[in-house]
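# Coordinate analysis (summary)
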Amino acid sequence: MNGIEVIEVIRAIGSRIEAEKEFLTELDNVIGDGDHGINMARGFHAVEEKLNGLEDKDIGTILKMVGMTLVSTVGGASGPLYGTAFMKAGMSMAGKTKLEMEGFLSCMDEAIGGVQARGKAKQGEKTMLDAMIPAQQAMRQALSDGKDNRAVLAAGVAAARKGVEYTKTIIATKGRASYVGERSIGHQDPGATSFTDILEVIAQGI
Ligand code: ADP
Ligand code: MG
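From a predicted model like this one, the values you see are computed outputs, not experimental measurements.

## Looking at the site of ligand 1
For ligand 1, the set of nearby residues contains 21 residues, the closest of which are N39, A77, S78, G119 and D189. Contacts to ligand 1 include S78, whose side-chain N or O atom sits 2.5 Å from an oxygen atom. About the coverage of ligand 1: the protein hides 93% of its 560 Å² of free accessible area. Per element, the largest residue contribution to the shell around ligand 1 is three residues, and it comes from helix α8 (residues 190–205). Classifying every residue of the shell around ligand 1 gives seven nonpolar, eight polar and six charged.

## A closer look at the coordination of the magnesium ion (ligand 2)
Listed as protein donors to the magnesium ion (ligand 2) are D28 (OD), D33 (OD) and D35 (OD); their distances from the metal cover 2.0 to 2.2 Å. Ordering the donors of the magnesium ion (ligand 2) by residue number gives the pattern D-x4-D-x1-D. Judged by relative accessible area, which is 21%, D35 ranks as partly exposed.

## Focus on the environment of S106
In this fold, S106 is placed in helix α5 (residues 101–119). Overall, S106 belongs to the partly exposed group, its relative accessible area being 29%. Between the C-alpha atoms of S106 and A89, which are 17 residues apart in sequence, the distance is 7.6 Å. Residue contacts for S106: discarding those within four places in its chain leaves S92 and R140.

Rules behind the numbers
- Residues numbered from 1 in each chain as written.
- Chains lettered and ligands numbered in written order.
- Predicted model: local features only at pLDDT ≥ 70, side-chain atom pairs only at ≥ 80, totals over all residues.
- Heavy atoms only, no water.
- Near = heavy atom within 4 Å.
- Polar contact = N/O pair within 3.5 Å; in protein donor to acceptor, adjacent residues only side chain to side chain.
- Areas by Shrake-Rupley, 256 points an atom, 1.4 Å probe, with all protein chains shown as cover.
- Helix = DSSP H or I, 4+ residues; strand = E, 2+ residues; numbered from the N terminus.
- Nonpolar A, V, L, I, M, F, W, Y, C, P; charged D, E, K, R; others polar.
- Donors = N, O, S within 2.8 Å, 3.2 Å for Na, K, Ca; no water.
- Buried < 20%, exposed > 50% of the residue type's maximum accessible area, 1.4 Å probe, protein only.
- Contact = heavy atoms within 4.5 Å.

Structure representation (C-alpha cells):
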C-alpha cells in the first residue's frame, strides 16, 4: 500500500465506524457509559477532515496525524488508547512510503505495546487487547506459514472475532466496565468490537 491507499483505508474505517456507531454505543450502554460509538465516530470525523492534503506525505506522518487527532478529539478512554496505537504505528512507519505485510505487523506490535503502556491492561481483562493480541498472533503465524496477505489478514480477523466472543465470558477489570463487575459477563467488549471492525476494513482494503 502507498500513502494514498492508506488514506483510502482510513476513510473506509471512518465510514464503517459511522455505520457501527449505534451498535458500539449500545454495547457500551450495557457495561459502560454508552458513548463508545459516539466517541469513535467523533474521532474519525475529525480525522476525515484532516486527511485532505496528506496525499503526498509519508505513511508515518499520516498515521501520526490520525493518532494525534483521536487523542485530542475523543474524551473517553478509547481516544487516548486508539490514539496512542496509531501514533506508535506512525512512528514505526516514519519516512516510509510503502506499507508491506511485515511493516503492518510491526505497526500492530507497536500499537499493542502503546495500548498496554497507556492503559496498563493485559490480555483477559475484557478490553480491546483481547481482540488485538490474538489477531496479531494469528497474523504472525499465518505469515510464517507462508500464507499470502489476504489469508494473513483473514486469519487476523477470525482471531479478533474469536477474541470478541471470549470477552463475553470474562469480567472486566479495567476501564468503566470494571464498575459493573460480574454483570459484565455475557456482554462483549465495545473496544474489542471496534478493533475487529477496523481490522475487517483493513482486510477488505488489501
Ligand atoms: P470510556 O470507557 O471512557 O467511556 P469508551 O467507551 O470510548 O471510553 O471506550 C471503552 C473501551 O475502551 C472498552 O470497551 C475497552 O475496550 C477500552 N478500554 C478501556 N480501558 C482500557 C484499558 N485500560 N486498556 C485497554 N483498553 C481499554
Ligand atoms: Mg464509554
